[in-house]
Amino acid sequence: MIRTPILQQTHLLMAQEDPLQNPDLLRQQECLSLLQRCKSIEEFKQTHAQFFKLGLDGDPRRSGSLIATCALSNWGSMDYACSIFGRIEEPGTFEFNTIIRGHVKDTDSQAALILYGKMLERGVEPDNFTYPSLLKACAHLSALEEGFQIHGHVFKLGFESDLFVQNSLINMYGKCGQVKHSSRVFEKMDEISVASWSALIASHASLGLWSGCLRLFGDMNSEGCWRANVSTLVSVLSSCTHLGALDLGRCTHGSLLRNISGLNVIVETSLIDMYVKCGSLEKGLAIFHKMPKKNQFAYSAMISGLAIHGRGKEALDVFSDMLEEGLKPDAVIYVGVLSACSHAGLVSEGRQCFTRMRLKHHIEPTILHYGCMIDLLGRAGLLNEAYELIKSMSMEPNDVVWRCLLSACKVHPNLELAEIAGGKLFQLDPHNAGDYVLLSNIYAQAYQWEDMARMRKDLARRGLIQMPGFSTVEVKRKVHKFVSQDKLRPECDAVYEMIHQMEWQLRFEGYIPDTSQVLLDVNEEEKQQRLSGHSQKLAIAFALIHTSKGSTIRIVKNLRMCSDCHKYTKLISKIFERKIFVRDRNRFHHFQDGTCSCRDYW
DNA sequence: TTAGGGTTAG
């Protein structure tokens, strides 16, 4: 008989077995260990087939291990795992647990829940190992109803005090948007692990409760019993990113370097995203270029980071590197690539990418990709092409798409298309005050005063108000939030005094307030007062008072910057000799010496 | 032999 190398090895191991051990069990263990050492699914299948021929397969205990080896390794071999599972006549709790876990790892959470149903149907008792996987499946699917049901089973079977189950419950409720339930489970726990804190912190982060997330991190540290691990710190980094808290992000980076050996690709991606979105693009680039191995997430973070800083050409270079490395682009990466073209005005490159996305990479454009393209064409003044693209869309255009066209019609006046876009917007989103103002300004540009007045009247009749704007600024590692027209904060007296001084100096630089975007029907003086109270100006004034001369000011806003704040900030950067970085809803603006990196093209 | 927490767009 010609032996394959694997079988030679098996025989060798069998010959070496300890007579004191159970020879059958030893043989089974050796088979399993050989299977576990296989380097690929092909090798695994071949070895398994040989054991099957030799009659070493069939014991349910070993079958469970085989499923585990196959399903839980990184081969993506769930089909094969399922075929092994299907051959077991009477799968027990362990086999069900393993196949369920495999499906969850393979992100086929629906299949995991179906298998749980089958498990119950067959009368197989779930145990405390079954539930963490199932709860994770509910978390993936945001399936709250199923999550509640499973929590009921957990309670009935008495697993509610199991630490792993509790942590999974916290996570499930968090991912289903029920952070109150997460907190309730956490508060009831007798024993808490770092993973419990991480799950609770991540629950807050996944709901966008960034400040709450940082507060909890502070609580965890002040209790002093736990040392944050990678997962905790990644959630903290994500909160810093969204709050624009660069100093806090830097501290978290320091903590990672001190306490965690060898940062993995997830941490590095979070760090890139944090630095880039907190305004430190160069630091993000440095981490990116030093990464030993990059995945799609890392490329995506870097490409969209370069995009929001207006560095479109570099974003396209990084994209080319990614393709050269053999990584497959996905829909998310193409959003970054197209928005990079849009922010930098790269029209022909954007058109090429849009075509390549569909024809070469077979990615169907979503509404986000169309949004980027309409924005790109509209900014470049190609309004008819943008409108034709909207008409050719395979799905119903949404308000974002029409708003891109309407904004473009203001920059490159086109009354006919503006009225079409405006009409669609008033149908799709009749409560957005900004759209009425935009169209009324377009009428004003075209000297159509009656239409302008009609828009303003419509706005007043509907009683619409703009979403309140806010800006955050980090001073001495603390994030300070200012709401538009803020008068409640104790610092406000000093802030308004500073604004008074700033405006005094601005007048010498020729600043005239641009009140065209003030919605209220009040006199000019009151409109100017409203402009002075814009949150961005309050945040800049606060930073000028509390930071040292020459230091950079970094601001994050929830809305797009208005044209008055843009003009104002450019002049302030010159008068006070400060670099001011503002992240608005769309992109970054680097103000320095009276100019902005967006070249007034935003 | 099995279980928990983390990253990219909008």
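Owing to the predicted nature of the structure, the values given are computational and were not obtained by experimental measurement. (Residues numbered from 1 in each chain as written. Chains lettered and ligands numbered in written order. Predicted model: local features only at pLDDT ≥ 70, side-chain atom pairs only at ≥ 80, totals over all residues. Heavy atoms only, no water.)

A. Structural detail: the packing of helix 14 (residues 230-243) against helix 15 (residues 246-259). Relative orientation of the contacting elements helix 14 and helix 15 amounts to 160°, with a least axis distance of 9 Å. Classified by the angle their axes make, helix 14 and helix 15 are roughly antiparallel. As for how helix 14 packs across helix 15, the hand of that crossing is left-handed. Between helix 14 and helix 15, the contacting residues are Leu-233, Val-236, Leu-237 and Cys-240 on the first element and Leu-248, Gly-249, Thr-252, Ser-255 and Leu-256 on the second. Here the contact of helix 14 with helix 15 is composed, by residue class, of six nonpolar, three polar and no charged. (Axes fitted to C-alpha atoms, helices over the stretch in contact; angles between N-to-C directions. Helix = DSSP H or I, 4+ residues; strand = E, 2+ residues; numbered from the N terminus. Parallel < 35°, antiparallel > 145°, perpendicular 65-115°, else oblique. Left-handed = near helix turned anticlockwise from the far one by under 90°. Contact = heavy atoms within 4.5 Å. Nonpolar A, V, L, I, M, F, W, Y, C, P; charged D, E, K, R; others polar.)

B. Representation of the packing of aromatic side chains within the structure. What the rule picks out here adds up to 16 aromatic pairs. Measuring from centroid to centroid gives 5.2 Å for Phe-85 and Phe-96, while their planes differ by 75°, and the two rings are edge-to-face. Within this pair, whereas Phe-85 is found in helix 5 (residues 78-87), its partner Phe-96 is found in helix 6 (residues 93-105), the two being separated by 11 residues in sequence. Phe-85 gets classed as buried once you look at its relative accessible area, which sits at 13%. Relative to Phe-542, the ring of Phe-482 has its centre 5.2 Å away and its plane inclined at 55°; by these criteria the two rings are tilted. Of this pair, Phe-482 sits in strand 2 (residues 478-483) while Phe-542 sits in helix 30 (residues 535-546), placing them 60 residues apart in sequence. Phe-542 shares its class with Phe-482; the two are buried. Across the ring face of Tyr-275, the terminal group of Lys-283 is positioned such that the distance to the ring centre comes to 5.7 Å. (Phe/Tyr/Trp six-rings, centres within 6.5 Å; stacked < 30°, edge-to-face > 60°. Buried < 20%, exposed > 50% of the residue type's maximum accessible area, 1.4 Å probe, protein only. Lys NZ or Arg CZ within 6 Å of the ring centre and 35° of its normal.)

C. Layout of the state of the cysteines. If you walk through the whole model with that rule in mind, you get zero disulfides. Note on Cys-409: no disulfide assigned, nearest cysteine sulfur contributed by Cys-404 at a separation of 11 Å. (Disulfide = S-S within 2.5 Å.)

D. Inspection of the protein's contact with DNA strand B at higher detail. Around DNA strand B there are 39 residues in total, and Ser-65, Asn-167, Ser-193, Asn-229 and Val-230 lie nearest to it. The sugar and phosphate moieties of DNA strand B supply 39% of its atoms located within 4 Å of the protein. The separation between a base oxygen of DNA strand B and a polar side-chain atom of Asn-97 is 2.8 Å. In the environment of DNA strand B, a phosphate oxygen lies 3.3 Å from a nitrogen or oxygen atom belonging to the side chain of Lys-136. (Near = heavy atom within 4 Å. Polar contact = N/O pair within 3.5 Å; in protein donor to acceptor, adjacent residues only side chain to side chain.)

E. Representation of the packing of helix 3 (residues 41-53) against helix 5. Where helix 3 contacts helix 5, the two axes come as close as 12 Å, and the packing angle between them is 20°. Classified by the interaxial angle, the pair formed by helix 3 and helix 5 is roughly parallel. Of the two elements, helix 3 crosses helix 5, and the hand of that crossing is left-handed. Two secondary-structure elements touch here, helix 3 through Ile-41, Phe-44, Lys-45, His-48 and Phe-52 and helix 5 through Tyr-80, Ile-84 and Arg-87. Looking at the contact of helix 3 with helix 5 residue by residue, the classes come out as five nonpolar, one polar and two charged.

F. Molecular detail of the side chain of Arg-583. You can see Arg-583 is positioned in strand 4 (residues 580-583). Buried and unpaired, Arg-583 has no salt bridge, with Asp-273 as the nearest side chain of opposite charge at 7.8 Å. Among the polar contacts made by the side chain of Arg-583, one reaches the main-chain carbonyl oxygen of His-242 at a distance of 3.0 Å. Polar contacts involving the side chain of Arg-583 include one to the main-chain carbonyl oxygen of Lys-277, which spans 2.7 Å. In this view, Arg-583 contacts Thr-241, His-242, Gly-244, Lys-277, Cys-278, Ile-555, Val-556, Lys-557 and Phe-588; residues no more than four positions away in its chain are not counted. (Lys, Arg positive; Asp, Glu negative; His and termini not counted. Salt bridge = Lys/Arg side-chain N within 4 Å of Asp/Glu carboxyl O.)

Remember that the coordinates give geometry; whether it matters functionally is a separate question.
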